[in-house]
Amino acid sequence: MNAAHRRLREATGAAHARVDALFSRFDLSRRDDYAGLLAAHAEALLPVEALLDRGGAEAITEDWPQRRRAGVIQVDLDSLGIAIDAPESQDSVTSDAAMAGMLYVLEGSRLGGRFLARSVPESWPRAYLGSHQPPHMWPQLLEKLDALLYAPESLELAVTAANQTLGRFEAAGTKWLAKVA
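Residues numbered from 1 in each chain as written. Predicted model: local features only at pLDDT ≥ 70, side-chain atom pairs only at ≥ 80, totals over all residues. Heavy atoms only, no water.

Before we move on, can you summarise the nonpolar core with the specific residues and values?
Counting 61 residues, the largest nonpolar core has Leu8, Leu52 and Leu149 as its most contacted members. Those elements giving two or more residues to this core turn out to be helix H1 (4-11), helix H2 (13-23), helix H3 (31-55), helix H5 (70-80), helix H6 (96-117), helix H7 (137-148) and helix H8 (152-180). Ranked by residue count, the leading element in this core is H3, at 13 residues. (Core = buried A, V, L, I, M, F, W, Y, C linked by side-chain atoms within 4.5 Å. Buried < 20%, exposed > 50% of the residue type's maximum accessible area, 1.4 Å probe, protein only. Helix = DSSP H or I, 4+ residues; strand = E, 2+ residues; numbered from the N terminus.)

Listed below in structure tokens is the structure:
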């Protein structure tokens, strides 16, 4: 059995730990901190989702349109009156393997978001952090990644893309944490 997703988890562990530690510094009971967390996520998420759209992420997982969260994070930001300038990029994804690494990070962050949503006051918008995903979708994605990333070169491309995606979240989180401090 191919264990590409295990390699992704191991190879992104340090970056994932940094991102978790960084975002845990936002006090989600404070409106400004919550808005900052959402803005930081949007700044990282929106360009990555756009890259996946342009790259044809449906080739990896046909349910890509249902996995997108740009719309729900925008609803929350609008509700809080927060405008962000998500960087527009004309970049493109160079391979399915790179898209796989990006998808791994975005879908993994959804799992963490549901945990964070518990700390957000009930009266605040939580469409993004609480976005529901049927329980079968994460294991299905991991199966698809394992099937796609069978070659060592492909797996390493996915690892690089996953770490770069986590780097986007880390950079955005650092920027927005400084704004709300």
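Account for the packing of aromatic side chains, with residues named and values stated.
Taken as a whole, this structure holds three aromatic pairs when the rule is applied. Summarising the aromatic geometry, the rings of Phe23 and Phe26 are spaced 5.5 Å apart at their centres and angled 20° between planes, so their arrangement reads as stacked. With respect to burial, Phe23 and Phe26 carry one shared label: buried. For the ring pair Tyr34 and Trp124, a centre distance of 5.7 Å and an interplane angle of 20° mean the geometry is stacked. (Phe/Tyr/Trp six-rings, centres within 6.5 Å; stacked < 30°, edge-to-face > 60°.)

Requested: an account of the side chain of Thr12, with residues and values cited.
Tracing the chain through its elements places Thr12 in the loop between H1 and H2. On the basis of relative accessible area, Thr12 is assigned to the buried category, the value being 3%. Engagement of the side chain of Thr12 in a polar contact is seen with the backbone oxygen of Leu8, the distance being 2.6 Å. Contact partners of Thr12, with chain neighbours within four places excluded, come to Tyr104, Val159, Ala162, Asn163 and Leu166. (Polar contact = N/O pair within 3.5 Å; in protein donor to acceptor, adjacent residues only side chain to side chain. Contact = heavy atoms within 4.5 Å.)

Residue-level account of the pattern of salt bridges, with values.
Two side chains of opposite charge can pair, provided their charged atoms sit close to one another. For the structure shown, the criterion picks out eleven salt bridges. Arg68 serves as the salt-bridge partner of Asp53, at 2.8 Å between the closest nitrogen and oxygen. Highlighted residues: Asp53 in helix H3 and Arg68 in the loop between helix H4 (64-67) and H5, separated in sequence by 15 residues. Classification of Asp53 by relative accessible area gives partly exposed; the value is 34%. Through salt bridges with shared partners, one network takes in Asp63, Arg67, Glu107 and Arg110. (Salt bridge = Lys/Arg side-chain N within 4 Å of Asp/Glu carboxyl O.)

Describe the packing of H3 against H5, and please don't skip the residues or the numbers.
Interhelical geometry of H3 versus H5 gives an angle of 150° and a closest axis separation of 10 Å. What the angle tells us is that H3 and H5 run roughly antiparallel. Once H3 is placed against H5, the crossing between them reads as left-handed. Listed contacts from H5 to Arg31, Tyr34, Ala35, Leu38, Ala39, His41, Ala42, Leu45, Leu46 and Glu49 of H3 are Ala70, Ile73, Asp76, Leu77 and Leu80. A breakdown of the residues in the contact of H3 with H5 according to their chemical character gives eleven nonpolar, one polar and three charged. (Axes fitted to C-alpha atoms, helices over the stretch in contact; angles between N-to-C directions. Parallel < 35°, antiparallel > 145°, perpendicular 65-115°, else oblique. Left-handed = near helix turned anticlockwise from the far one by under 90°. Nonpolar A, V, L, I, M, F, W, Y, C, P; charged D, E, K, R; others polar.)

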